[in-house]
Amino acid sequence: MTTSLTFETDRVRQLDIHVLPTPKFKTITVVMNIQQDLREETATKAALLSLVLKRASEKYPTSQAMRRYLDSLYGTVFETDVIKKGERQIIQFYLEVANEQFLADQTPLFARGIEFLGDVLTSPLVDGNAFSSKVVDMEKETLKKKLDSLIDDKIRYANQRATEEMCQDEPYRLMAYGQKEKVDAITPEELYSYYRELLAQNPVDIYVVGDVDPDAVKREIDRHLTPERGEPVALSPTLVQVPVDEVKVVTDRLNVTQGKLNMGCRTGTSYGDDDYIHLLMYNGILGGFPHSKLFINVREKASLAYYAASRLESHKGILMIMSGIEISNYGKAVDIIKEQLQLMKNGTITEQELNQTKAMLTNQLRETLDNARTMIDFAYNGRISGRNRTLEDILQDIKNTKIEDIQKIARKIHLDTIYFLRDREGQ
Amino acid sequence: MEEIYYDQLKETLYRDRLDNGLSVYILPKPGFSKTYATFTTKYGSIDNHFRLSGQEDIQVPDGIAHFLEHKMFEKQEGDVFTRFSNQGASANAFTSFTRTSYLFSSTNQVYENLETLIDFVQDPYFTDESVEKEKGIIGQEIRMYQDNPDWRAYFGLIESLFVDHPVQIDIAGTIESIARIDKETLYQCYHTFYHPSNMLLFVVGPVDPGEVYQLVKQNQNQKQFEPPRSIERFYPDEPDRVKRERLDIELQVGQSKCLMGFKEKPAKISGQELLTRELATGLLLDMLVGPSSDLYRKLYEQGLIDDSFGFDYTAEEEFAFSVIGGDTPDPDKLIALVKEGFLEATEKGLDEEAFERSRKKRIGRFLRSLNSVEFIANQFTRYRFGDSDLFDIVPTLENLTLDEMNRRLKEHVDVGRFSASVVKPGKTEA
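What counts and how
- Residues numbered from 1 in each chain as written.
- Chains lettered and ligands numbered in written order.
- Predicted model: local features only at pLDDT ≥ 70, side-chain atom pairs only at ≥ 80, totals over all residues.
- Heavy atoms only, no water.
- Helix = DSSP H or I, 4+ residues; strand = E, 2+ residues; numbered from the N terminus.
- Rg over C-alpha atoms; globule rule 2.2 N^0.38 Å.
- Contact = heavy atoms within 4.5 Å.
- Areas by Shrake-Rupley, 256 points an atom, 1.4 Å probe, with all protein chains shown as cover.
- 1 Å grid on protein atoms, 1.4 Å probe; cavity = no way out; pocket = protein on both sides within 12 Å on 5 of 7 lines; lining within 4 Å.
- Points joined across faces, edges and corners; volume = space filled by probe spheres on them.
- Nonpolar A, V, L, I, M, F, W, Y, C, P; charged D, E, K, R; others polar.
- Buried area = accessible area lost by both parts, 1.4 Å probe.
- Salt bridge = Lys/Arg side-chain N within 4 Å of Asp/Glu carboxyl O.
- Polar contact = N/O pair within 3.5 Å; in protein donor to acceptor, adjacent residues only side chain to side chain.
- Pairing = 2+ DSSP bridges.
- Axes fitted to C-alpha atoms, helices over the stretch in contact; angles between N-to-C directions.

**Q** Summarise the overall build of chain A; cite the residues concerned and give the values.
**A** The secondary structure content of chain A amounts to 14 helices and 13 strands. Computed over its C-alpha atoms, the radius of gyration of chain A comes to 23 Å, within 12% of the 22 Å expected for a compact globule of 427 residues. At a minimum sequence separation of 6, the contacts of chain A that also span at least 24 residues come to 82%. Total accessible area on chain A stands at roughly 16100 Å², and carbon and sulfur atoms take up 46% of it.

**Q** Account for the layout of surface pockets, naming residues and giving values.
**A** Here the second largest pocket is characterised by a volume of approximately 1500 Å³. In terms of lining residues, the second largest pocket is bounded by 48 residues, among which B:Phe311, B:Asp312, B:Tyr313, B:Arg362 and B:Arg365 are the most central. At the level of elements, helix H1 (40-55), helix H2 (63-72) and strand E4 (77-85) of chain A together with helix H9 (271-289), strand E15 (310-315), helix H12 (352-369) and helix H13 (373-385) of chain B are the ones that each hand at least two residues to the lining of the second largest pocket. Within the lining of the second largest pocket, the residues separate by chemical class into 19 nonpolar, 13 polar and 16 charged.

**Q** Pulling in residues and values, what's your account of the interface of chain B and chain A?
**A** Taken together, the contact between chain B and chain A spans 66 residues of the former and 69 residues of the latter. Of the roughly 6100 Å² buried between chain B and chain A on both sides combined, carbon and sulfur atoms contribute 48%. By the criterion of area lost to chain A, the three top residues of chain B are B:Gln140, B:Asp147 and B:Gln252, representing 11% of everything that side buries. Our enumeration of links across chain B and chain A arrives at 10 salt bridges. Residue A:Glu326 pairs with B:Arg143 through a salt bridge whose shortest N-O separation is 3.3 Å. Connecting chain B to chain A are 44 residue pairs in polar contact (both at pLDDT 80 or more). Mapped by element, the contributors of at least two residues to the side of chain B that touches chain A are helix H2 (80-86), strand E10 (100-106), helix H4 (128-146), helix H10 (294-301) and H12 of chain B. The biggest single contributor to the side of chain B that touches chain A is H4(B), with nine residues. Its residues assigned to classes, the side of chain B that touches chain A shows 18 nonpolar, 25 polar and 23 charged.

**Q** An account of the sheet that holds strand E14 (residues 256-262) of chain B is needed here, citing residue identities and associated values.
**A** Two modes of strand pairing occur in sheets, parallel and antiparallel, and in both the strands are linked by backbone hydrogen bonds. All names here are of chain B. Pairing within the open sheet is mixed, and its five strands lie in the order E13-E17-E14-E16-E15. The sheet is open, and its two borders are formed by strand E13 (246-251) and E15, each paired with just one other strand. Here the strands of the sheet are splayed against their neighbours by 15° on average, with no regard to which way each runs. As paired strands, E14 and strand E16 (residues 320-328) are joined by five bridges and run antiparallel to one another. Its bridge partner lying in E16, Lys257 is registered against Asp327. Running over the sheet, helix H5 (residues 149-161) touches E13, E14, E15, E16 and strand E17 (418-425) and is turned about 150° from E17.

**Q** Just give me the short version of empty space enclosed by the protein, but keep the residues and values in it.
**A** Over the atoms rolls a probe the size of a water molecule, and its path tells where empty space is left. Residues and elements named next belong to chain B. Counted according to the given criterion, the structure contains four cavities of 30 Å³ or more. Taken as a whole, the largest cavity encloses approximately 70 Å³ of empty space. Every residue along the wall of the largest cavity is listed here: Gly271, Leu274, Leu275, Glu278, Ala315, Glu316, Glu317, Arg382, Tyr383, Gly386 and Ser388. The dominant element in the lining of the largest cavity, judged by the number of residues it contributes, is H9, at four residues. The residue inventory of the lining of the largest cavity, partitioned by class, reads four nonpolar, three polar and four charged. By volume, the second largest cavity amounts to about 50 Å³. Along the walls of the second largest cavity sit Tyr43, Gly44, Ser45, Asp47, Asn48, Pro61, Asp62, Gly63, Ile64, Ala65 and Ile169, which together make up its complete lining. The residue inventory of the lining of the second largest cavity, partitioned by class, reads five nonpolar, four polar and two charged.

This is the structure in structure tokens:
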């Protein structure tokens, strides 16, 4: 009775509904994604919108009223967020309700949850043709604070700074939360008209995972989620092919004790490409796991770091290498990492590294089946890229990957930017 | 092997204690892909002064439990990660105040991985050279945490609340304290705390409980262990006051971080009593400062808090404390208002409706957490080491009364046992 990763898909009121019935969870998870192009003009608005919608609706005009209602529905989880996948920005609504079959109380929690989501989506707290200015003003402050606090997490900060330097002329440089300097100018009227347009024409996907009947899900959505919509508009593709002329080297200084080294690479390959699975394998061998070249050579052999890893952004095709090091070891760490990139190009990969990576990736992918959120994310990646791979297809491709395939991918990979966040010593 | 069925939750738990003292628990999760197993010793950062019966008591360097955790992964034939990677498992470990846990998750070769887990934890291999090398890696881990403002605020609070108790010692130790760690002390700690009678194995996933049990039993029967000996742990008597009322730390942050909390009076309670106290205090904090509370609303509307604001309560046999706070533009005002709100509540008492709402929320969230095999294994172990049972959470919540909650409120809120810790933006010029 292992769940497969196949969602039942249908379109209701121009909303794309994807349902995966499974008895293995004690809750029902709903994720609604509204998608738009990542652009400077709208990125900050989308972030503010996600905060405003979460805070109040016509029926629950204060955050407190909303939270009290959700608490009374056995701690129904309701969150909104903005994320980016390649050069798409997604406003995400997350709802998770307990399944009442595990409770003494038989209130139909899923139906109430969808009704609630409908309230939030189609009846926000407005004042004429504008969102409530009180809510907007408060959330502007929240958003600015959120953007300010990026610097608190130095790993994330270094990542964002490296990405900005690397993608200076591409929308991908933007954060999902937008730009602080753009927040103040947004008016409640402007935000509301932006929202209405977004809801009327942008792609909306709703995912439901849990012990549910797909027809009942569609009925509840049809009854409670009733925005006026037309055929969803087509969005722009993410720019993946970006030539690298020379390696950019950037250093920032802050009051830190540990240096953060980021090395960003262009892979020229993204989720929709045939050789994407080979890129996954490449990343796994280079820096995805504790047996990977980066971990073994930067941490275990040279004892230079606590973490040394690489992460892949599948839709933009950026491979980011990151490590936290003693500041004086910068040169040594860069050399060792470059050497690992070269070894990948030369195809200096052992059978053991290949097989371990296959086993680990296979495990990682199978584990997505144990979490409603990761299942939804998997399906949505297929949706965004326009290429729906099944889990079985991916596992088969992993199994078939040869060292030559990885070497072929390695030749397409170019180091673009070396970014170092360090202390202020000797400045 | 004993079988326990939890009707409301529709879960079945199998348990046994082997001849060598090892506690084994298995929770089958049909329909899941991965199996998750933890092998945990009741040994954490607070256990720095102890005596194995028949021996002399010893005091060990700060951070050694965590150091030992790192070193367990290295063997004569190489790194254990390699072995797990060959078998498609992701393995990890963590050290807390009271536990050290080794774990893996895998969707394949589960039995091989389970044997690997048990075998590597039961086979220490330390050399002078590898101990020295580890100091470099852990040194970087310590530095990473030094730059992490959330961690600094959290530990700053604990360190301010507690005067003598070793809970205030950073789990990883310091660069200076780990410099004093050597192979001999590591072995001594190992032989004291890694005896099967001080350990618990938890396996959760799509497994056949009988097969898992046989495998573990056979594995253990092939090995020789000393007879179990009791471990005496020494903790200083913690005074009924805080070390300091407030700690300020300067770091490069965008906004100040402010955490505050109350230390409990030393109570030395365990079992059901401790579980009840933990759950009651959790509800209490949710009612007082959770997103549905009047205080939260006031703080939010005044722009003093954002979504990072939250609370937590840690309760172990030896120590307990609450943590409340998050990012704020004005730590002074936030501290004053939270303190005021808590004192007001102790005078007014708690609201029945809020109590019911909070309890419902907690029950729903508990169901939610049972979707996670990681949660089940880790939390079950934690409660078991404290002589209570994870699966008693719902009935315990259902039995709580408003009177009990009000009593708990008065016990917990005592300004003499209150501290705050603030991380604020430092001067950015060097």
